[in-house]
Amino acid sequence: MIEKERLAQIVAALESKNAMLPCSRCEHKAFEVVAESYTPIQSNPNTFAIGGPTLPSVIIACANCGHIWNHALGPLGLTPKGAV
């Protein structure tokens, strides 16, 4: 669960980047911030490695059809402290 203050930061950052367009699948206008996540960055796509660099992101879902988007936190100015 994302804390209320962090949720407000994420929504404000998305709004400041004009990232509030309707869903590309169903054109619904309401979204939910689902969770923050770290996507592993693989240097070799044929090998699964544990550990290493990650891409901090936030997962957003359409409140109507459930279509999911990931937004990188860096360009939103929200990279968590200590992120690799």
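Quick note: structure is the one above.
Let me sum up the structure you'll find in this document. Since we're looking at a predicted model, the values are computed, not measured.

**Structural notes on the environment of Cys-62**
Now for step 1: Looking at the element boundaries, Cys-62 is found in strand β2 (residues 54-62).
Now for step 2: The class for Cys-62 is buried, based on a relative accessible area of 4%.
Now for step 3: Separated by 19 residues in the primary sequence, Cys-62 and Lys-81 have C-alpha atoms spaced 28 Å apart.
Now for step 4: Those residues in contact with Cys-62 that lie beyond four places of it in its chain are Cys-23, Cys-26, His-28, Ala-30, Phe-31, His-67 and Trp-69.

**Description of unusual backbone geometry**
Now for step 1: In this model, Asn-18 sits at a positive phi of 60°, which is unusual for a non-glycine residue.
Now for step 2: Note on placement: Asn-18 falls in the loop between α1 (4-16) and β1 (31-40).
Now for step 3: A relative accessible area of 57% means that Asn-18 is categorised as exposed.
Now for step 4: A positive phi is found at Glu-27, a non-glycine position, where the angle reads about 65°.
Now for step 5: Mapped onto the secondary structure, Glu-27 falls in the loop between α1 and β1.
Now for step 6: What makes Glu-27 exposed here is its relative accessible area of 62%.

**Description of the pattern of salt bridges**
Now for step 1: Enumeration according to the criterion identifies one salt bridge in this entry.
Now for step 2: Across the pair Arg-6 and Glu-36 runs a salt bridge whose closest N-O atoms are separated by 2.9 Å. Taken as a pair, Arg-6 in helix α1 and Glu-36 in strand β1 lie far apart in primary sequence, 30 residues in all.
Now for step 3: According to the relative accessible area criterion, Arg-6 is buried, its value standing at 18%.
Now for step 4: On the basis of relative accessibility, which here comes to 31%, the residue Glu-36 falls in the partly exposed class.

Conventions we followed
- Residues numbered from 1 in each chain as written.
- Predicted model: local features only at pLDDT ≥ 70, side-chain atom pairs only at ≥ 80, totals over all residues.
- Heavy atoms only, no water.
- Helix = DSSP H or I, 4+ residues; strand = E, 2+ residues; numbered from the N terminus.
- Buried < 20%, exposed > 50% of the residue type's maximum accessible area, 1.4 Å probe, protein only.
- Contact = heavy atoms within 4.5 Å.
- Salt bridge = Lys/Arg side-chain N within 4 Å of Asp/Glu carboxyl O.

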